[in-house]
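Chain residues, written in single-letter form:
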Amino acid sequence: SAPTLTTIAPVAGNDGVTVPVILTGTNLTGATLNAIAGVTVTVTATTATQINATFVIAANAAVGARNVTATTPAGTSNAVIFTVNAAAPTLTTIAPVSGNDGVIVPVILTGTNLTGGTVDAIAGVTIAITNTTATQIDAVFIIASNAAVGARNVTVTTASGTSNAVTFTVNAAIAPTLTSIAPLS
């Protein structure tokens, strides 16, 4: 009998990532998987009810759904859907790297795949994004006057995932300094 496919797990992967994939169904012994645009497919094991494979997704693979089918000498299966998503965001820099309690700090985050990204919540800091591009997020960090002093991990999230962290440090408020009194009497 021809093979049939029931499930694929996971159902998606990001550009530039290698994904171990398990397909289930029937009559899968010795099956091969069809070529998938932008994805190098290697079958690592088959049984009558399961195919283990590795999908190496090209960094520049077009995003979108792909039909995955299995073939044996008895025929080709129905298709299950695997979706290629854009690469997850990455962060390389944050500038400035610190700010003081009670201060509003304009911040620039740089990296890749940042379009549509949001800066994840940071304890004691309200974040307002003013602009995003593929390689930069401009934001304003409004640091609470009572925010705990110390380092914070800053990450960006898009539909494709969450970035690595860069560090922003909250410092104590700068005490005012009295330089003169006038008049003296």
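Refer to the structure printed above.
Residues numbered from 1 in each chain as written. Predicted model: local features only at pLDDT ≥ 70, side-chain atom pairs only at ≥ 80, totals over all residues. Heavy atoms only, no water.

Novice: Explain a nonpolar patch on the surface to me, please; I cannot follow it from the model alone.
Specialist: Taken together, the side chains of Leu178, Ile181 and Leu184 define a hydrophobic patch exposed on the protein surface, amounting to about 410 Å² of accessible area. On the secondary structure map, leucine 184 appears in the segment after strand S20 (166-171). (Patch = residues over 30% accessible without salt bridge, like charges linked within 9 Å, V, L, I, M, F, W, Y side chains within 5 Å. Areas by Shrake-Rupley, 256 points an atom, 1.4 Å probe, with all protein chains shown as cover. Salt bridge = Lys/Arg side-chain N within 4 Å of Asp/Glu carboxyl O. Helix = DSSP H or I, 4+ residues; strand = E, 2+ residues; numbered from the N terminus.)

Novice: I keep staring at the nonpolar core and nothing clicks. Help me out?
Specialist: Most often, soluble globular proteins have nonpolar side chains that are buried together. Grouped together as the largest cluster of nonpolar side chains are 20 residues, with contacts concentrated most on Ile8, Leu23, Leu33, Phe55, Val68 and Phe82. Those elements giving two or more residues to this core turn out to be strand S1 (4-9), strand S3 (18-26), strand S6 (50-57) and strand S10 (80-85). The greatest single-element share of this core, amounting to four residues, is contributed by S6. In terms of nonpolar packing, the next biggest core, distinct from the first, is built from 19 residues, Val107, Leu109, Ile143 and Val170 among them. (Core = buried A, V, L, I, M, F, W, Y, C linked by side-chain atoms within 4.5 Å. Buried < 20%, exposed > 50% of the residue type's maximum accessible area, 1.4 Å probe, protein only.)

Novice: Can you walk me through the sheet that holds strand S16 (residues 136-143) in this structure?
Specialist: Strands belonging to one sheet form pairs held by backbone hydrogen bonds; the direction of such a pair is parallel or antiparallel. Strand order in this open sheet of four strands is S11-S13-S16-S15, and the pairing throughout is antiparallel. Only two strands of the sheet have a single partner each, and these edge strands are strand S11 (90-95) and strand S15 (125-132). Strand-to-strand, the axes of this sheet are offset by a mean angle of 30°, without reference to chain direction. Bridging between S11 and strand S13 (residues 104-112) involves five bridges; their strand directions are antiparallel. Note on S13: the bridge partner recorded for alanine 95 is isoleucine 108. (Pairing = 2+ DSSP bridges. Axes fitted to C-alpha atoms, helices over the stretch in contact; angles between N-to-C directions.)

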